[in-house]
Amino acid sequence: MAAINAVTDLSNVGKVSVITLNSPPVNALSADVRDGLAAAFKQAGADASTNAIVLICAGRTFIAGADISEFGKAPRGASLFEVQTSIENSPKPVIGAIHGTALGGGLEVALCCHYRVAVPSAKCGLPEVHLGLLPGAGGTQRLPRIVGPEKALEMVTSGSHMGAKQCLAMGLVDELAEEGKLREAAIAFAEKVVAEKRPLRKVRDSNEKVEALRGKPEVFAAFRKANARKFRGFMAPESNIKCIEAAVNLPFDEGLKEERRLFTELMSGPQSAAQRYTFFAEREVWKIPDVPADTPQIPVNTVGIIGAGTMGGGIAMNFVNVGIPVIIVETTQEALDRGMKVVRGNYERSAKNGRFTMEQVEQRMALIKPTTKLEDIAQVDLVIEAVFERMEVKKEIFTKLDAIMKPGAILGTNTSALNIDEIASVTKRPHDVIGLHFFSPANVMRLLEVVRADHTSKPVIATSMAIAKKIGKIAALVGVCPGFVGNRILAARRRAAEQLLMSGTMPWDIDRVLYDFGFPMGVYAMSDLAGLDLGWVKAESKGLTIRDRLCELDRRGQKTGKGWYDYDENRNPTPSPVTEGIIKEFITKAGNTPRQAPDDEILERCLLPMINEGAKILAERKAIRASDIDIIYQAGYGFPAYRGGPMFYADQMGLDKVVARMKHYAPQWGADFEPAALLAELAASGKRFQDWRAA
Ligand code: TC6
């Protein structure tokens, strides 16, 4: 085997040249890889002793795409286009040998090979849309020529990974190889191609499938319409669709030009910058500076959950979904039965929607053991308390847990706001106590805030993060403070919205601006969904707040058909004159002169306090890094992915401008607009949140 460069080897097996890439972790198309490929194809093409070429990768995967960390930097080395051209125009047949994942630029390279062989576990896809991009190396022009424009539309706009068998059926792969025998199979396939004198098949020349859709714009119109809600606010899906349209309507080279134009537009825009940032943020969030990856973990084979309410039931589903048995405890048989019925109902609904079979529903239900005896959970490895938010109740439960749980069990609480140090203080093992803050509905929402208390041990933290990954969540480690990270920032936005309301801006105007910004719903629509009566006690209500008055009128949200908004029978909201009347009364009583804030002011006054609160959280070390806050906001609160999160949004705005706008509002709107020390400091030194790390 001859080394072409540090990441590329070339060897001959009989009459086949084998080019092997080895650039861990994922063989991304870095400058070195491109240089290596360009040189290797040149050398193999000129080698008179071989008549075919196999391209294969070492390590866990085929090429997983362009090197995302190179985006936005000055170009170096051979271009991807050069590499692709040398493959496609090779005088000898080139066979791509795929294992792991052929993604993005990786699949685009494979599409330039004349043939493709894959192991059954391999996956192919064009996930660029998740990075706010489109496959900019011919993928949008070649893919529809193989799989057809309709399937290509679906693949490029969803970014989904297709299994090898599916790829074989679609013609994306020509042959499946036995698992673990890819190299031999690809070489044998190459020999067969030569023996049978098969042509140097170029995908670019195959026009039948794209031409079949020419003159049928209605197919694209229908696709756009069917996906309008899913694509709302994102630029990349529309650009991907336009590229497939170009593949259908233009000759190949013209289509490539259009693809390049749209790719460049996306690459230089703010959305892709946010989505690329998110890609790395989602990986960084698992890394905890003082809890290294080799921290010992506690095996978690059984879980106990206290409370069979909406939260407890939803949490239980996460574990049984991955085959971990759960014991769920309630105080009364009725509450237990009710909770189990809700869980069963959720599963049966999924079965009805075809997500799994009734047999699987029964298998999952069989993994949940309901009980009214707390002692039944004494031997579980992890217990999660999910009862209502009262400190006395939580303390009572943790005192009991301390008495009965086996040594070393992890004691988790799902509190969303209470002081976990105080809860832990009633036990003799505060090092085993941790917050596991799931978001409702717990079986659906991706986010888990893992809350580290003063004495939580490192193995307990490492295990909690690992278990979160196992159950498919994205976890962020946060510290104890009121509301932790997510709800604390949400409270800041809520205070800002209340100020807007009390100065004459109506809830539906605030919500409209937040929705247009990209949130799935605004402050008041969310309050209607959650129920205005959360924490409201009828007997104690004295009509002192707008919420009291609304609840007193039984305007308790969607569930009573009215809240901040009025709802029709399909739960469509309309602004409510009753709510407006009550708000105006309160404004008058407070002596305020009503003024409708313009949209840009509404947005700034909602977002700036969130950013400021985020800065305080970082300074207090309640979050490890700004990008963790952004992950929390995307995964738990619907912050639009194409804006990155509140902290990235601030970075993009420029922290000096953030500070200037806050100072503009501070004299009138108070403390939430006084720039936090860290924010002021970063702004003054021209720095960004994303570069800040705790000293
Ligand atoms: C494209 O191709 C555009 C082409 C047009 C050109 C004109 N670049 O996810 P993991 C790193 S766009 C750089 O934990 P897994 C990752 O940061 C690209 N780095 O592993 C992590 O680093 P860390 C289209 C990358 O086994 C490490 O590798 N392709 C890239 O759970 C391991 O990653 C994609 O969007 C990259 N492309 O999943 C695919 N990929 O250890 C993106 C990964 O320092 N990648 N890294 O934290 C993936 O979806 C997954 O990484 C995976 C492996 C499925 C390949």
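Residues numbered from 1 in each chain as written. Predicted model: local features only at pLDDT ≥ 70, side-chain atom pairs only at ≥ 80, totals over all residues. Heavy atoms only, no water.

**A few points about the overall build of the protein**
Thought 1: Looking only at helices and strands, one finds 28 helices and 20 strands in the protein.
Thought 2: Against the compact-globule benchmark of 26 Å for 695 residues, the protein has a radius of gyration of 29 Å, which places it among compact chains.
Thought 3: Counting only C-alpha atoms, the protein reaches 90 × 60 × 55 Å along its principal axes.
Thought 4: In the protein, which comprises 695 residues, the share counted as buried stands at 54%.
Thought 5: Counting contacts in the protein only where the partners sit at least 6 residues apart, residues at least 24 apart contribute 71% of the total. (Helix = DSSP H or I, 4+ residues; strand = E, 2+ residues; numbered from the N terminus. Rg over C-alpha atoms; globule rule 2.2 N^0.38 Å. Buried < 20%, exposed > 50% of the residue type's maximum accessible area, 1.4 Å probe, protein only. Contact = heavy atoms within 4.5 Å.)

**Considering the environment of L477**
Thought 1: Within the element layout of this structure, L477 appears in strand β18 (residues 474-479).
Thought 2: On the accessibility criterion, L477 (3% relative accessible area) is buried.
Thought 3: Linking L477 and H114, residues 363 residues apart in sequence, is a C-alpha distance of 47 Å.

**Topic: helix α16 (residues 391-404)**
Thought 1: Counted at 1.5 Å a residue, the expected span for α16 with its 14 residues is 20 Å, and the 20 Å between its end C-alpha atoms agrees.
Thought 2: For α16, the set of buried residues is M391, K394, I397, F398, L401 and D402. The arc that holds every buried residue of α16, seen down its axis, measures 140 degrees, which confines them to one face. Among the exposed residues of α16, those oriented more than 90 degrees off its buried face are E392 and A403.
Thought 3: In this structure, the buried side of α16 is in contact with β11 (303-306), β14 (382-385), β15 (410-413), α17 (420-424) and β16 (433-438). (Expected span 1.5 Å × (residues − 1). Arc of directions from axis to C-beta.)

**Looking at the site of the ligand**
Thought 1: The environment of the ligand is formed by 25 residues, the closest being R60, A66, G105, R283 and K287.
Thought 2: At a separation of 2.9 Å, a nitrogen atom of the ligand approaches a polar backbone atom of A64.
Thought 3: Contacts to the ligand include G105, whose backbone N or O atom sits 2.8 Å from an oxygen atom.
Thought 4: In isolation the ligand has 1,000 Å² of accessible area, and contact with the protein removes 72% of it.
Thought 5: For the shell around the ligand, the elements supplying multiple residues, two or more each, are β6 (101-103), α3 (105-110), α11 (252-267) and α12 (270-284).
Thought 6: With three residues, α12 is the single largest residue contributor to the shell around the ligand. (Near = heavy atom within 4 Å. Polar contact = N/O pair within 3.5 Å; in protein donor to acceptor, adjacent residues only side chain to side chain. Areas by Shrake-Rupley, 256 points an atom, 1.4 Å probe, with all protein chains shown as cover.)

**Some points on unusual backbone geometry**
Thought 1: For the bond running from P24 to P25, omega is 0 degrees, close enough to zero to count as cis.
Thought 2: The omega torsion of the bond from S440 to P441 falls at -5 degrees, within 30 degrees of zero and hence cis.
Thought 3: Looking at where P441 falls in the secondary structure, it is placed in the loop between β16 and β17 (447-452).
Thought 4: In the Ramachandran plot, N27 falls in the positive-phi region, its phi being about 55 degrees despite a non-glycine side chain.

**Things to note about the packing of aromatic side chains**
Thought 1: In the structure shown here, the tally under the stated rule is 16 aromatic pairs.
Thought 2: Look at F223 and F231: their rings are 6.3 Å apart centre to centre, the planes differ by 45 degrees, and that puts the pair in the tilted class. Neither residue differs from the other here; F223 and F231 are each classed as buried.
Thought 3: A ring pair is formed by F234 and Y642, whose centres lie 4.9 Å apart and whose planes are at 75 degrees; its orientation type is edge-to-face. Taken together, the residues span a long stretch of sequence, with F234 in the loop between α9 (217-231) and α10 (236-249) and Y642 in the loop between α25 (626-637) and α26 (646-653) at a distance of 408 residues.
Thought 4: For Y642, a relative accessible area of 7% gives the class buried.
Thought 5: Among the aromatic residues, those joined into a cluster by ring pairs are F517, F519, F639 and Y649.
Thought 6: Across the ring face of W286, the terminal group of K469 is positioned such that the distance to the ring centre comes to 4.6 Å.
Thought 7: Sitting over the face of the ring of W669, R605 holds its NZ or CZ atom 3.9 Å from the ring centroid. (Phe/Tyr/Trp six-rings, centres within 6.5 Å; stacked < 30°, edge-to-face > 60°. Lys NZ or Arg CZ within 6 Å of the ring centre and 35° of its normal.)

**Re the packing of α12 against α25**
Thought 1: At a minimum axis separation of 9 Å, α12 and α25 run at an interaxial angle of 100 degrees. The angle between α12 and α25 falls in the class roughly perpendicular. Residue-level contacts link Y277, T278, A281, E282 and E284 of α12 to A626, S627, D630, I631 and Q634 of α25. (Axes fitted to C-alpha atoms, helices over the stretch in contact; angles between N-to-C directions. Parallel < 35°, antiparallel > 145°, perpendicular 65-115°, else oblique.)

**A word on the sheet that holds strand β12 (residues 326-329)**
Backbone hydrogen bonds are what pair the strands of a sheet, in a parallel or an antiparallel way.
Thought 1: Read across the open sheet, the eight strands follow the order β13-β12-β11-β14-β15-β16-β17-β18; overall the sheet is mixed. Pairing within the sheet leaves two strands with one partner each, and these edge strands are β13 (368-371) and β18. If you compare each strand with its neighbour and ignore which way they point, the axes differ by 25 degrees on average.
Thought 2: Sheet analysis places β17 next to β18, joined by six bridges and oriented parallel. Pairing of V451 across the sheet is with V478, part of β18.
Thought 3: Relative to β13, helix α14 (residues 333-352) is tilted by about 160 degrees, and along the sheet it contacts β12 and β13. (Pairing = 2+ DSSP bridges.)

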